[in-house]
Amino acid sequence: MLTKTITEEINAAIRAAGDIILNADRTTETVESKEGHANFVTSYDKAVQEMLKKRLLEILPGAVFVGEEEDVHAQIKDGYSFIVDPIDGTTNFIRDMHCSTTSIGLLFNGEPVYAAIYNPYLGELYTAKKGEGAFLNGQPIHVSDKPLSESIILFGTSPYYPDLAKKGFELLINLFSRALDVRRFGSAAYDLCMVAAGRAELFFEMQLSPWDYAAGSLIVSEAGGAVTQIDGTPLSFGHPCSVLARGRTDEKI
Ligand code: IPD
Ligand code: CA
Ligand code: CA
């Protein structure tokens, strides 16, 4: 049973991740390149993940832990699994752009049941528990019901997969021509929170990994929106896929 104590402990852990991010010492930070184009990991991605792994497995011993750094090959399975992105928006973090989040999704038998995403720069904690709604710092949030013509479109460039750029930008131009405007924040987890809070109406990215959207997809759906792959099929939490999140609009994209 997912008790209040468990969810409060997860919230405390994610706030501690924010403290590490905010107090990062740039003089000792290390930055390494990973597989793919423009894909980096810093000593702080690793430090946040190490701290979260320890704390989360103390909260739910026996849970599977999947994390973007190092625990990337762990597989979700029946029972509880954490899917964690210690710093979503690593490039923003390296450039000190103050737009990065930490994302914790908790799955039970392969389906998200609790989600927390924290933006430490704004002190914004987004949470959702399956069947109980979505919240920003404890206050209920809801998706927007604006039509596409009045929509802010968020997108991610899938920078690690340059082959997908043409298709993604074509879709973006198509949507831009029918919407109000577009934004690119550089943190997919935060993009999903923006849709959940009704600050933007639609988010898409051609390819993301489960740690980018496991938590955000529950937050959007509990806020009244829908998250699928771009072709409308269900998300996969076991391997990467495209992501399309929207508020109440069901206009064809
Ligand atoms: C990235 C961010 C970015 C998105 C990339 C992601 P990372 O995550 O979410 O917004 O466009 O596709 O990989 O690498 O900073 O954790
Ligand atoms: Ca990420
Ligand atoms: Ca990351």
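Everything in this summary refers to the structure shown in the same document.

Here is what the cut-offs are and how they apply
- Residues numbered from 1 in each chain as written.
- Chains lettered and ligands numbered in written order.
- Predicted model: local features only at pLDDT ≥ 70, side-chain atom pairs only at ≥ 80, totals over all residues.
- Heavy atoms only, no water.
- Helix = DSSP H or I, 4+ residues; strand = E, 2+ residues; numbered from the N terminus.
- Expected span 1.5 Å × (residues − 1).
- Buried < 20%, exposed > 50% of the residue type's maximum accessible area, 1.4 Å probe, protein only.
- Contact = heavy atoms within 4.5 Å.
- Polar contact = N/O pair within 3.5 Å; in protein donor to acceptor, adjacent residues only side chain to side chain.
- Pairing = 2+ DSSP bridges.
- Axes fitted to C-alpha atoms, helices over the stretch in contact; angles between N-to-C directions.
- Donors = N, O, S within 2.8 Å, 3.2 Å for Na, K, Ca; no water.

Some remarks on helix α2 (residues 43–59)
Here's step 1: An ideal rise of 1.5 Å per residue puts 24 Å on 17 residues; α2 measures up with 24 Å between its terminal C-alpha atoms.
Here's step 2: The complete set of buried residues in α2 reads Tyr 44, Asp 45, Val 48, Gln 49, Met 51, Leu 52, Leu 56 and Ile 59.
Here's step 3: Residues of α2 that are buried in the fold lie against α1 (4–22), β2 (40–42), β3 (64–67), β4 (80–88), α3 (90–94) and β5 (101–108).
Here's step 4: Between a side-chain oxygen at the N-terminus of α2 and the backbone nitrogen of Tyr 44 the separation is 3.0 Å; the capping residue is Thr 42.

Quick notes on the sheet that holds strand β8 (residues 134–136)
Here's step 1: The seven strands are arranged β3-β4-β5-β6-β7-β8-β9 in an open sheet whose pairing can be described as mixed. Because the sheet does not close on itself, it has two edges, and the strands there are β3 and β9 (139–141). In this sheet, adjacent strand axes meet at a mean angle of 20 degrees when their direction is disregarded.
Here's step 2: Relative to β8, strand β7 (residues 124–129) runs antiparallel, the two sharing three bridges. From the neighbouring strand, Tyr 126 faces β8, where its bridge partner is Leu 136.

A word on unusual backbone geometry
Here's step 1: In the Ramachandran plot, Asn 137 falls in the positive-phi region, its phi being about 45 degrees despite a non-glycine side chain.
Here's step 2: Turning to its location among the elements, Asn 137 is positioned in the loop between β8 and β9.
Here's step 3: Its relative accessible area of 41% is what places Asn 137 among the partly exposed residues.
Here's step 4: Residues other than glycine seldom take positive phi values, yet Ser 158 does so here, at roughly 45 degrees.
Here's step 5: Mapped onto the elements, Ser 158 comes out in the loop between β10 (152–155) and α4 (165–176).

A short note on the coordination of the calcium ion (ligand 3)
Here's step 1: Every protein donor of the calcium ion (ligand 3) is listed here as Glu 68 (OE), Asp 85 (OD) and Ile 87 (O), and their distances to the metal cover 2.2 to 2.3 Å.
Here's step 2: Between the two metal centres, the calcium ion (ligand 3) and the calcium ion (ligand 2), the spacing is 3.7 Å, with Asp 85 acting as a shared donor. Placement of Glu 68 in the loop between β3 and β4 and of Ile 87 in strand β4 is noted, with a sequence separation of 19 residues between them. Ile 87 matches Glu 68 in its accessibility class, with the two residues each being buried.

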